[in-house]
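Okay, here's what each chain looks like letter by letter:
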Amino acid sequence: ANLAKLSEKMAGAAKRRQDRLSSVAEKQHEHAECVSKRMHTKNTTARFEQTPDFLPPNLKARLANLRVPTADAIRRKEQLASGRRARILEARTRAMKVHGFKVEAAQKARAAF
């Protein structure tokens, strides 16, 4: 009798635990949907109707692209990224050239011995 009672209690506890877990997962899913919807509206709505005239041009550009991921802003970011990549490759090439000169000098010094 006690064993049946205990297994019944365990089954009830497992069911309650599963219900609690599923309700938490459901709440998290609803919250994630709400957050993504808010972020989408926030990211696609202009924050300012017009930028103030007294700001410098760089800040005007930042404010204009702050919350408006327009095609221009995306294109500009892609150009910046490609320019950054080109600068990285140029720096790497210069470093390899300098390293080549050092290796050549070391080989000449070793050959002199």
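Note that the structure is predicted; figures quoted are calculated from it, not measured.

### Some words on the overall build of the chain
Then step 1. On a plain count of helices and strands, the chain comes out with three helices and zero strands.
Then step 2. Along the chain, helices and strands appear, N-terminal first, in the series α-α-α.
Then step 3. Relative to the 2.2 N^0.38 estimate, which gives 13 Å for 113 residues, the radius of gyration of the chain is 31 Å and therefore markedly larger than a compact globule would have.
Then step 4. Dimensions of the chain, computed from C-alpha atoms along their principal axes, come out at roughly 95 × 65 × 20 Å.
Then step 5. Across the 113 residues that make up the chain, the buried fraction comes to 2%.

### Comments concerning a nonpolar patch on the surface
Then step 1. Together, Leu3, Leu6 and Met10 make up an exposed nonpolar region whose accessible area comes to about 360 Å².
Then step 2. One can find methionine 10 in helix H1 (residues 2-44).
Then step 3. The exposure class assigned to methionine 10 is exposed, which follows from its relative accessible area of 57%.

### Regarding the confidence of the model for the chain
Then step 1. Mean pLDDT over the chain stands at 87; residues scoring 70 or higher make up 93%.
Then step 2. The weakest mean pLDDT in the chain belongs to helix H2 (residues 57-64) at 83; the strongest belongs to H1 at 91.

### Here's the deal with the environment of serine 82
Then step 1. Here serine 82 shows up in helix H3 (residues 71-112).
Then step 2. A relative accessible area of 45% means that serine 82 is categorised as partly exposed.
Then step 3. C-alpha of serine 82 to C-alpha of aspartate 53: the two residues are 29 residues apart in sequence and 31 Å apart in space.

### A few points about the environment of threonine 44
Then step 1. Residue position: threonine 44 is located in helix H1.
Then step 2. Residues threonine 44 and glutamate 90 lie 46 residues apart in sequence; the distance between their C-alpha atoms is 36 Å.

### Some details on the environment of leucine 6
Then step 1. Note on placement: leucine 6 falls in helix H1.
Then step 2. A relative accessible area of 48% means that leucine 6 is categorised as partly exposed.
Then step 3. On a C-alpha basis, the gap between leucine 6 and alanine 86 in space is 70 Å, while along the polypeptide they are 80 residues apart.

Conventions and cut-offs
Just so you know, the residues in each chain are numbered from 1, in the order the chain's sequence is written. Under the rules for a predicted model, residues below a pLDDT of 70 receive no local features and side-chain atom pairs below 80 are neither given nor counted, while totals for whole chains, interfaces and linings still include all residues. Side-chain metrics rest on all non-hydrogen atoms present in the structure, leaving aside hydrogens and water. Helix and strand assignments follow DSSP, with helices taken as H or I runs no shorter than four residues and strands as E runs no shorter than two, numbered in order from the N terminus. Our radius of gyration is a C-alpha quantity, and the globule rule it is checked against amounts to 2.2 Å times the number of residues to the power 0.38. Burial here depends on accessible area, computed with a 1.4 Å probe over protein chains only, as a share of the maximum for the residue type. Under 20% is buried, over 50% is exposed, and the range in between is partly exposed. Patch membership needs two things, relative accessible area over 30% and no salt bridge, and members are linked within 9 Å if like-charged or within 5 Å if nonpolar (Val, Leu, Ile, Met, Phe, Trp, Tyr). The Shrake-Rupley method, run with a 1.4 Å probe, gives the accessible areas here. Residue values count only the displayed protein chains as cover. Counted as salt bridges are all cases of a side-chain nitrogen of Lys or Arg within 4 Å of a carboxyl oxygen of Asp or Glu. Values of pLDDT, which run from 0 to 100, indicate the predictor's confidence residue by residue.

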